[in-house]
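Close look at the chain arrangement
Residue strings, one per chain:
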Amino acid sequence: MGGKHSKNEARSGKNGGSDNAEKESNSIRSQRELVRSFVRSQKDMEIYDIYVDDGYSGANFDRPEFKRMMEDVQAGNVDCIVVKDLSRFGRDYIEAGRLIQKDFPALNVRFIAVTDHFDSLTADYNETSLVLPVKNFVNDSYCRDISGKVKSHQKVKREKGEFIGAFTVYGYCKSETSKNRLVPDEYAAQIVRNIFAWKMDGMSNAAIADRLNETGILSPLEYKKSKGEKFTTKFSAGRKAQWSPVAVRRILENEIYTGTMVQGKTEKINYKLDQYREKPKEEWTRVEGTHEPIIAKEDFDYVQKLLPIECRGSREGRKVRIFSGLLFCGDCMAPMIRRVYRHKGTEKIQYICSTKNKGPGCSRHEILEGELKDIVLKGLQSQALLLLDEAKVLSRIQGMEIDFSELERFDKEIARLRGEEEKYRSLRSGLYEDLKAGVITQEDFYSFRDIYDEQHARIQESIRKQEETIRILFKSGVSGGARLEKFKEVLELTELSREVLVTFIDRILVYEDKRICLELRNREVFSKILMLAEYAAALPKEDRNLSEDAGRGGKNRKGSGANRREAM
């Protein structure tokens, strides 16, 4: 074996050598002293080097210090490896067995596990072929068991909406009272709000990134570093990380800013490999209302519709074109593109279908920008007048208890959904009879049952959202739900602006005959306002009087008639 070379390898961080001993865990320190004491007791050994992987899992051998040790073994610098026990060497019983029983003997390297009383130089057949594999298998099983328990514990925490990450997303920090709860980091949160506002104003991701860099705003990575966090990411490049279109997009796509905790996007391939795979979106863990939102849900949803369409600014500067990301062909649904025609000092701006611009498949759908602005502004103003008139009617019933079964007579959407719900309920109940009659096979039975269950659940969720919209209107007021104050401002406008468009419009559809269709944001809320106004108009006169009294503070109420509802 030779008396000059000895080797001490203890599992667990990133720093080897005695100079870093004060930074190591107590476990590593005790292992170091035990092995040193053992080597000192051996007359034919001396320490060549110490290799420590503190903080790395023993489930695999992809560890920097272990690799350095093997390089020294291959170079002939080490002819004996000493560890505290077999589990400190590694917990992968197949790989550990191969190294100890095949590779090390082939390289004439002695292996010693002190507390397991194993020495490859003196071990007999039973120790090498029976005891060693069993101990390695037990160590491997222990590692697998611990991994399973940790994953199970983390899953429970995720499902409860508790934050389990080491580092928070940009815009949030951990609460001082609970590391599993997020609270806004006001400085970064305001940057996030600005990013969403700029996107809704029509800026591209690249333009937003340039604006942040030019104003000296630290990127998420540099901001974390400035706060003393030891955060690293594969997305950084160069000495100082800058804002990039990719970084901006990651923020714009992150639902966590709406107050919804989204975790479990990746998972480890297995407990032996430090590698992860992306999980499909439907397998992510989502829990709503776990923390204070930075971005309103409706604004987040609107931005998701804008993201597939990069909005470009004009060549003259950062001014965003008024219809960027909002204008579509009414027939093929492709985005409309802007064309500028100049002739003898005059300029004409038109929008045409991008499908037609590329070739056949649609018609031009051309429309002048000035003409389009006039039509859209008039359409918005007429919608504003309608909603403001209906809001006056709704003020009579605000604060009253709502009988949803009665409302269904006026709400066609809920009535339609109820009809679909009953259809799938009937289909599902008839499946068993079809199975008994031999009309369908058992495989078809389970397949159709799953389909009907899924559709039934989807419809029930739609009904819940419809009813929740009505509740919100009565709870927070019609003005809050529909931004009626903003609509009042629209009536006074003489010229259309980008701000008005992104506030009220989801998209604008242009048809070949120059018909323009405006798809409003919050269409659910607006349709419910119209429905509730119809409901209010149909109320008996004494109900209306009661609701008017409730609006004045509830004075002059006398008793409760058979058809009278008490104000809330």
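So, how was this worked out
- Residues numbered from 1 in each chain as written.
- Predicted model: local features only at pLDDT ≥ 70, side-chain atom pairs only at ≥ 80, totals over all residues.
- Heavy atoms only, no water.
- Salt bridge = Lys/Arg side-chain N within 4 Å of Asp/Glu carboxyl O.
- Helix = DSSP H or I, 4+ residues; strand = E, 2+ residues; numbered from the N terminus.
- Buried < 20%, exposed > 50% of the residue type's maximum accessible area, 1.4 Å probe, protein only.
- Phe/Tyr/Trp six-rings, centres within 6.5 Å; stacked < 30°, edge-to-face > 60°.
- Lys NZ or Arg CZ within 6 Å of the ring centre and 35° of its normal.
- Axes fitted to C-alpha atoms, helices over the stretch in contact; angles between N-to-C directions.
- Parallel < 35°, antiparallel > 145°, perpendicular 65-115°, else oblique.
- Contact = heavy atoms within 4.5 Å.
- Nonpolar A, V, L, I, M, F, W, Y, C, P; charged D, E, K, R; others polar.
- Core = buried A, V, L, I, M, F, W, Y, C linked by side-chain atoms within 4.5 Å.
- Pairing = 2+ DSSP bridges.

**Some details on the pattern of salt bridges**
Throughout the structure, instances matching the rule amount to 28 salt bridges. Between R338 and E369 there is a salt bridge, with its nearest N and O atoms 3.8 Å apart. Separated by 31 residues along the polypeptide, R338 in strand β13 (residues 336-343) and E369 in helix α12 (residues 369-394) bring together distant segments of the chain. The residue E519 makes a salt bridge to R507 at a minimum N-O spacing of 2.8 Å. Of this pair, E519 sits in strand β17 (residues 516-520) while R507 sits in strand β16 (residues 505-510), and the two are 12 residues apart along the sequence. We classify E519 as buried; its relative accessible area is 18%. When salt bridges with common partners are traced through the structure, they connect R418, E421, E422 and R425 into a single cluster.

**What to know about the packing of aromatic side chains**
The tally for this structure, following the rule as stated, stands at 17 aromatic pairs. Look at F111 and F118: their rings are 6.4 Å apart centre to centre, the planes differ by 55 degrees, and that puts the pair in the tilted class. With 5.7 Å between their ring centres and 85 degrees between their planes, F323 and Y351 make a pair best called edge-to-face. Of this pair, F323 sits in the loop between α10 (297-306) and β12 (327-329) while Y351 sits in strand β14 (residues 346-353), and the two are 28 residues apart along the sequence. For F323, a relative accessible area of 3% gives the class buried. By way of ring pairs, the aromatic residues F61, F66, F89, F104, F111 and F118 are connected into one cluster. When the ring centre of Y511 is taken as reference, the NZ or CZ atom of R515 above it lies at 4.3 Å.

**Let's talk about the packing of helix α6 (residues 186-200) against helix α9 (residues 245-252)**
Put simply, α6 and α9 touch, their axes get as near as 10 Å, and they point 95 degrees apart. Comparing the axis directions of α6 and α9 gives the class roughly perpendicular. The residues of α9 that touch α6, namely those facing V192, I195, F196 and K199, are V248, I251 and L252. Residue classes in the contact of α6 with α9 are distributed as 6 nonpolar, no polar and 1 charged.

**Quick notes on the nonpolar core**
Core analysis: the biggest nonpolar cluster contains 59 residues, and Y170, W243, Y257 and F323 have the highest contact counts within it. It is α6 that provides the largest number of residues to this core, a total of 8 residues. If we skip the residues at most four places from it in the chain, W243 touches Y170, I191, I195, A209, L212, N213, I217, L218, S219, P220, V248 and I251. The next biggest cluster of nonpolar side chains, apart from the first, holds 21 residues, and it includes V78, L99, F104 and L132.

**What about the sheet that holds β13?**
A sheet is described by the order of its strands in space; here 3 strands give the open sequence β13-β14-β15, paired in antiparallel fashion. Of all the strands in the sheet, just β13 and β15 (367-368) have a single pairing partner and so form its edges. Looking at chain direction, β13 and β14 are connected through 8 bridges and run antiparallel. Residue pairing across strands places R339 opposite Q350, the latter belonging to β14.

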